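Descriptive structure summary
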Amino acid sequence: MPRVLVLCTGNSARSQIAEGFLRAWGAEAFSAGTHPAPRVNPFATAAMAEIGIDISAHTPKSVERFLRQPFDYVITVCGEADAVCPAFTGAVGRRVHIGFPDPAAVAGSDADRLIAFRTVRDAIAARLREYYEKEIAP
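Read on for an overview of the structure. Every value quoted in this text rests on a predicted model; they were computed, and no experiment measured them.

A look at unusual backbone geometry
Of note in the backbone geometry, N11 takes a positive phi value of approximately 55° without being a glycine. The topology assignment puts N11 in the loop between β1 (3-8) and α1 (14-25).

Structural notes on the packing of aromatic side chains
The relative placement of two aromatic rings is captured by the distance of their centres and the angle of their planes. Tallying each qualifying case throughout the model produces seven aromatic pairs. Taken together, a centroid distance of 6.1 Å and an interplanar angle of 90° make the contact between Y73 and Y131 edge-to-face. With Y73 in strand β3 (residues 71-76) and Y131 in helix α4 (residues 110-136), the pair connects residues that are 58 residues apart, well separated along the chain. Of the residues examined, Y73 reaches a relative accessible area of 11% and is grouped as buried. Judged by its relative accessible area of 13%, Y131 is buried.

Here's the deal with the environment of I53
Position of I53 among the secondary structure elements: in the loop between α2 (42-49) and β3. Judged by its relative accessible area of 15%, I53 falls in the buried class. Between the C-alpha atom of I53 and that of F88, which follows or precedes it by 35 residues, the distance is 29 Å. When sequence neighbours within four positions are dropped, the list of residues in contact with I53 reads G20, F21, A24 and M48.

Conventions we followed
- Residues numbered from 1 in each chain as written.
- Predicted model: local features only at pLDDT ≥ 70, side-chain atom pairs only at ≥ 80, totals over all residues.
- Heavy atoms only, no water.
- Helix = DSSP H or I, 4+ residues; strand = E, 2+ residues; numbered from the N terminus.
- Phe/Tyr/Trp six-rings, centres within 6.5 Å; stacked < 30°, edge-to-face > 60°.
- Buried < 20%, exposed > 50% of the residue type's maximum accessible area, 1.4 Å probe, protein only.
- Contact = heavy atoms within 4.5 Å.

In short, shape yes, function no, at least from these values alone.
Below, the structure is given as structure tokens:
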């Protein structure tokens, strides 16, 4: 089973969504942030629940906790995390950046914000699934 770490800045939305998908597809997946938020964004939890993936028990974690662990893949999903990704002392097979816009940056009504999270969720599903099938699963 491939071991994957997904990194973002706050570990409250994009990386949590990606972790949820990777686990559903059969990877041993974890997510972390360079500056973890206090909690997972409730819109991320709601958007994933709509498609049957439960991330309600997930919590933001610091990347520091994973630096000495081995991973087959370390995937950054936001530009800031990619730019400041720390050096891992554990073995890392491959580091890759697959960026997505931050849905938490969208202002507006709850309905508008949920639409933004759905859009990013679907983009993560499409692009990450393609990468997963071509690079990770084989």
